[in-house]
Amino acid sequence: MTGVNKKNMLGIFAFAACAMATNMTMGILALIMQSYPTVNPTTVQQILTTPALVGTAYAFCVGILHKKIPAKFLAMFAQIALFAYGMIFCFLGGKAPVGVLIAAAGLAGIGQGSNNTLLAILLAEACPDESKRGGILGIVMSVMNLGGVAITSLGGVLAVGGWNNAYYLFFALLVTLAIQAICLPKGAFAGAPAPVAGEKKEKGKLPIKVWAISIHYFFFFLALYVFGTNVSEYIISTHKLGTSAEAGVASSMVTVGGIAAGAFFGAYSKVLKKATVPVLMGIAAVGLLVPIFVTTSIVAIFACGLLLGISMMGCNPYIMGYMAQITTPDQYSNALSIFSGFMNGGMCVAISVLAFLTKLLCGDGAHVPTKFIVGAALAIICFVTSFPIYMGKDKK
């Protein structure tokens, strides 16, 4: 990789590898629920949505914080918080009240709200050449998803002997933190371009399209999160298709799809161009329809996870690059913060909104099959409305 600071990239890969560690909780959520039989399942599901709540608030702050604090320390702070989250679940899960786990889940929100923004900032500093950055971003996303699939699959297997055991995997964060401490230098990267003498930064209001993309993705992520919050129950309780091991594999299929989406991002984004996001959102809609019509095979829910992973992890790098095209350099980090904030906001309200809409349809807000129908309907709406947003003219 010419024109790229390889040492810095090692630090970025270390950060990305554990960024999706919390996905493991999706696959073992049903087991966590069994540890708290007297607690309403919707309450236990807040373990998944609390990170989104904290992440929503934190995401809006990252762009501002980066003006005062180097990205290296923001990245390490996020993963230290993630390590603390894992340790609390490992040693207190099933023993402490569920409220302790819900509060601890907020620690994961620090990373959840900043991962996309920090990766874009770090990569921009490590790879100043914008023409090469898109392909490298795809590789980084693949590494992120590869780490996610490893920890989710291993976590599902370890959870068979007790779900707390899965969180021993979070000790791996100590290794990645050490790599980041060595490879991510304080302040701007050594290979980052120096500002041109006399250069004046452009300022002004963010383009309306930044807000349109962010609000649109809020609803899209709300729809997709029906999978994360219900896949474990769908497999273990509703259709009795397997155990936590199978649920872990289903969750990991999202990251398998993400690996593929990242690895081939440079190729398909050049072919699809402005149609990249609409096509990927169409894939997500198809993915959510599969487990609605095929309920007797575990393969169907695996396929759903795979297609959702392709969609999510294909949309993210495209949007991160697209934001750079429609904003000035001074606006970029703030635009990413707003996008991440709305994305996390979608996850944050997903359980409540999906339960409300499900109750309107069938009278039971906890009915998992109907939740998937609601999610698929929302995804189809997002697919249709993506065309005017992404296919229109761009203005800075």
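## Let's talk about the overall build of the chain
Piece 1. In terms of helices and strands, the chain carries 16 helices and zero strands.
Piece 2. Its C-alpha atoms give the chain a radius of gyration of 20 Å, near enough to 21 Å, the size a compact globule of 396 residues would have.
Piece 3. In terms of overall dimensions, the chain has a C-alpha envelope of 65 × 45 × 30 Å along the principal axes.
Piece 4. For the chain, with 396 residues in total, the buried portion stands at 56%.
Piece 5. Look at the contacts in the chain between residues 6 or more apart in sequence, and 83% of them connect residues 24 or more apart.
Piece 6. Of the accessible surface of the chain, which amounts to about 15,600 Å², a share of 71% is contributed by carbon and sulfur atoms.

## Remarks on the side chain of Thr327
Piece 1. Among the structural elements, Thr327 can be located in the loop between helix H14 (298–326) and helix H15 (329–362).
Piece 2. Its relative accessible area of 1% is what places Thr327 among the buried residues.
Piece 3. Reaching out from Thr327, the side chain makes a polar contact with the backbone oxygen of Met323 at a distance of 2.6 Å.

## Description of unusual backbone geometry
Piece 1. The backbone of Lys273 sits at a positive phi, close to 55 degrees, despite the residue not being glycine.
Piece 2. Relative to the elements of secondary structure, Lys273 occurs in the loop between helix H12 (265–272) and helix H13 (276–293).

## Describing the packing of aromatic side chains
Piece 1. For the structure shown, the criterion picks out 21 aromatic pairs.
Piece 2. Relative to Phe220, the ring of Tyr217 has its centre 5.5 Å away and its plane inclined at 50 degrees; by these criteria the two rings are tilted. In this pair, Tyr217 and Phe220 both sit in helix H10 (residues 208–238), three residues apart, roughly one turn of the helix.
Piece 3. For Tyr217, a relative accessible area of 0% gives the class buried.
Piece 4. By relative accessible area, Phe220 is classed as buried at 0%.
Piece 5. Here the aromatic rings of Phe218 and Phe219 are separated by 5.0 Å at their centres, their planes lie at 90 degrees, and the arrangement is edge-to-face.
Piece 6. One aromatic cluster is present, formed by Tyr85, Phe89, Trp163, Tyr167 and Phe170 through successive ring pairs.

## Some thoughts on the nonpolar core
Piece 1. Of all hydrophobic cores here, the largest spans 122 residues; its most connected members are Tyr167, Phe170, Ile301 and Met323.
Piece 2. If sequence neighbours within four positions are ignored, Tyr167 has contacts with Met24, Thr25, Ile28, Ile32, Tyr85, Gly86, Met87, Phe89 and Cys90.

## Here's the deal with the environment of Lys72
Piece 1. Counting through the fold element by element, Lys72 comes out in helix H5 (residues 71–92).
Piece 2. Sequence spacing of Lys72 and Ala350 is 278 residues, and the spatial spacing of their C-alpha atoms is 31 Å.

## Description of the confidence of the model for the chain
In low-pLDDT segments, the atomic positions of the prediction should not be examined closely.
Piece 1. Residues with a pLDDT of 70 or more make up 92% of the chain, whose mean pLDDT is 83.
Piece 2. Note that residues 188–202 has pLDDT below 50 and, in this model, 19 contacts with residues that lie over four places away or in other chains.

## A short note on H15
Piece 1. Its 34 residues place the ends of H15 49 Å apart at the C-alpha level, agreeing with the 50 Å of an ideal helix rising 1.5 Å per residue.
Piece 2. At Ala350, H15 shows its maximal kink, close to 50 degrees.
Piece 3. Positive phi appears at Gly363, one or two residues downstream of H15, with a value of about 85 degrees.

## Here we look at the side chain of Ser114
Piece 1. For Ser114, the position within the fold is in the loop between helix H6 (98–112) and helix H7 (115–126).
Piece 2. Judged by relative accessible area, which is 0%, Ser114 ranks as buried.
Piece 3. Engagement of the side chain of Ser114 in a polar contact is seen with the backbone oxygen of Ile110, the distance being 2.7 Å.
Piece 4. With sequence-adjacent residues up to four places away left out, Ser114 is seen in contact with Tyr58, Val62 and Ala78.

What counts as what
- Residues numbered from 1 in each chain as written.
- Predicted model: local features only at pLDDT ≥ 70, side-chain atom pairs only at ≥ 80, totals over all residues.
- Heavy atoms only, no water.
- Helix = DSSP H or I, 4+ residues; strand = E, 2+ residues; numbered from the N terminus.
- Rg over C-alpha atoms; globule rule 2.2 N^0.38 Å.
- Buried < 20%, exposed > 50% of the residue type's maximum accessible area, 1.4 Å probe, protein only.
- Contact = heavy atoms within 4.5 Å.
- Areas by Shrake-Rupley, 256 points an atom, 1.4 Å probe, with all protein chains shown as cover.
- Polar contact = N/O pair within 3.5 Å; in protein donor to acceptor, adjacent residues only side chain to side chain.
- Phe/Tyr/Trp six-rings, centres within 6.5 Å; stacked < 30°, edge-to-face > 60°.
- Core = buried A, V, L, I, M, F, W, Y, C linked by side-chain atoms within 4.5 Å.
- pLDDT = per-residue confidence, 0-100.
- Expected span 1.5 Å × (residues − 1).
- Bend = angle between axes of the 7 residues up to and from the residue.

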